[in-house]
Amino acid sequence: MVSYLVPRNRIFSKYTLRHIPIKSNNTSPNQNSGRWPKWSTFRRNISSNNHNQRVENIVQQQNNKIKSHKDDTNGKYQSSNHGSNSSRNKWFSWPGLLFRWAPMGVCILALEWQYHHYECDKDKLPRTASNFQSTVYCSLPLRLISRCWGWLADVYVPVNLRPYVFGFYSKTFNVNLEEAAVPDFKYYRSIADFFTRSLKDGARVIDEKCDLVSPSDGKVLHIGTVNKSLVEQVKGITYKIDSFLGPNTWQHRMILKKIAPGDYHRFHSAAHWEPNLRRHFPGQLLSVNPKIAKWFPGLFCVNERVVYVGKWQHGFFSYTAVGATNVGSVQIYIDEKLKTNQWMGMKSINKAQYDDLTISNKNFEKGELIGQFNMGSTIVLLFEASKNFKFKVEPGQKVSVGEPLGEFL
């Protein structure tokens, strides 16, 4: 404890609280009484205040002990409840969701994955997705992601950044810009405009001698004949034709083509034909990557797609544009009423739901421009043909618009 001696409004020196008497032979106690009372009063006030504070602290400690003793039983019960509530809150918080529930879900999915593969190998079946895996995959917010990507692709790109953005994209996906009608990067205001760029005249030559030509640039995923109303998605995996086109049955052949991100994104008519019905299925937007197509049975029956049904000189003909992840927007130039990748809310999507539109007085010529994708996706041709029809392409082959796909011998 420290006391301060303050003579006449300024600090003079420090002393401890121990009283140090001043010895003087010439000075009497009565003469020093003018200075010491102020000093002693100052010491006495400090000591009194500290003493009162110590007393109050002791009383407070005793009260706390008494209160703690009285509430001991109830305190234990409340402590257990508080602990359980705290533990429960940890499970239902965002950290609990990320670091507790998510790892448990991943472990369960991994165990189910391994067990399903074991069962498939045991029965000598292809390793396709189980019902549980398909449900989990369809539960992902891919439609929302596709809408966000569509918004991002349509964002204005500053002129100075266009050569860097579009140049990087061109190198990544091997885009041949020499075929574009406008090869200058600065011409395209957004990524979507660059995706759907037009080609210069003569960049694609339509084979007029062939009965069926390629409707788009891309890779042929599968070709074959439809047997017993079953369409082969990939080797060993089939789906019903009425699940893909809707109610009705026809006898026809099938060609499946995938458009990659670096390909020309517009699609053309594959033959001379006349559409009479448009059927829109607002389904999922799952990836159409060949690996996913091998793993997910009925992929093209689940995804959003636009089916145009009509006839050509040999009978039934259908032309289908299938949506995919980040490719929800399918634009058909003759169909202004068509709206794809619409917000469906939180309700589940019924894969059998569709809407029809009758088309009249419209004929497509071979090679005529039909529409465009905002990103790479898939074109499916299902058509009726006689036994003398022969395909001129093989699965996995790269083709461009106008190149021959098949002909009648």
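Just so it is clear, the model here is predicted, and its values are computed rather than measured. (Residues numbered from 1 in each chain as written. Predicted model: local features only at pLDDT ≥ 70, side-chain atom pairs only at ≥ 80, totals over all residues. Heavy atoms only, no water.)

Draft legend 1. Region of interest: the environment of A260. With respect to the helices and strands, A260 occurs in the loop between β7 (253–258) and β8 (266–268). Accessibility expressed as a relative area gives 26% for A260, which makes it partly exposed. When the C-alpha positions of A260 and K219 are compared, they lie 7.8 Å apart, and in sequence the two are 41 residues distant. (Helix = DSSP H or I, 4+ residues; strand = E, 2+ residues; numbered from the N terminus. Buried < 20%, exposed > 50% of the residue type's maximum accessible area, 1.4 Å probe, protein only.)

Draft legend 2. Quick look at the pattern of salt bridges. A full pass over the atoms with the stated rule returns 11 salt bridges. As a salt-bridge pair, E407 and K392 come within 3.6 Å of each other at their nearest N and O atoms. Here K392 lies in the loop between β16 (389–391) and β17 (398–399) and E407 lies in strand β18 (residues 404–408), a separation of 15 residues in the sequence. Look at the salt bridges and you will find they share partners, linking E179, R204 and D217 into a network. (Salt bridge = Lys/Arg side-chain N within 4 Å of Asp/Glu carboxyl O.)

Draft legend 3. Structural view of the sheet that holds β18. Read from one edge to the other, the open sheet built from three strands follows the order β3-β18-β16, with strand pairing classed as antiparallel. Whereas interior strands pair on both sides, the edge strands pair on one side only; in this sheet they are β3 (212–213) and β16. Pairing geometry for β3 and β18, over two bridges, is antiparallel. When the sheet's bridge partners are listed, V213 is paired in β18 with P404. (Pairing = 2+ DSSP bridges.)

Draft legend 4. The packing of aromatic side chains, seen in detail. Summed over all chains, the structure comprises 28 aromatic pairs. When the centroid spacing of 6.1 Å and the interplanar angle of 10° are considered together, the rings of W273 and Y319 count as stacked. A residue pair is termed long-range when its members are at least 10 positions apart, and W273 in strand β9 (residues 273–281) and Y319 in strand β11 (residues 315–322) qualify at 46 residues. The exposure class assigned to W273 is buried, which follows from its relative accessible area of 4%. Through successive ring pairs, a cluster of aromatic residues spans F267, W273, W312, F317, Y319, F364, F373, F383, F389, F391 and F408. Between R197 and the ring centre of F194, over which it is positioned, the NZ or CZ distance is 5.0 Å. (Phe/Tyr/Trp six-rings, centres within 6.5 Å; stacked < 30°, edge-to-face > 60°. Lys NZ or Arg CZ within 6 Å of the ring centre and 35° of its normal.)

Draft legend 5. Structural view of the environment of F195. Secondary-structure assignment places F195 in helix α8 (residues 191–195). We classify F195 as buried; its relative accessible area is 2%. Separated by 69 residues in the primary sequence, F195 and Y264 place their C-alpha atoms 7.7 Å from one another.

Draft legend 6. Helix α5 (residues 131–138), seen in detail. All of the buried residues in α5 are Q133, S134 and Y137. Along the long axis of α5, the arc covered by the buried residues comes to 100°, so they all point the same way. (Arc of directions from axis to C-beta.)

Draft legend 7. Structural view of the sheet that holds strand β4 (residues 218–225). Strand order in this open sheet of eight strands is β13-β9-β10-β11-β15-β7-β4-β17, and the pairing throughout is antiparallel. Each end of this open sheet is capped by a strand with a single partner; those strands are β13 (355–358) and β17. Note that β9 and strand β10 (residues 305–312) share eight bridges and pair antiparallel. Considered in β10, the bridge of R278 is made with Y308.

Draft legend 8. Expanded view of the confidence of the model for the protein chain. In this model, the protein chain carries an average pLDDT of 78, and 72% of its residues clear a pLDDT of 70 or more. The secondary structure element of the protein chain with the lowest average pLDDT is strand β2 (residues 13–16), at 42, and the one with the highest is β3, at 94. Residue range residues 1–48 is modelled with pLDDT below 50. Its contacts to residues more than four positions away, or to other chains, number 32 contacts. (pLDDT = per-residue confidence, 0-100. Contact = heavy atoms within 4.5 Å.)

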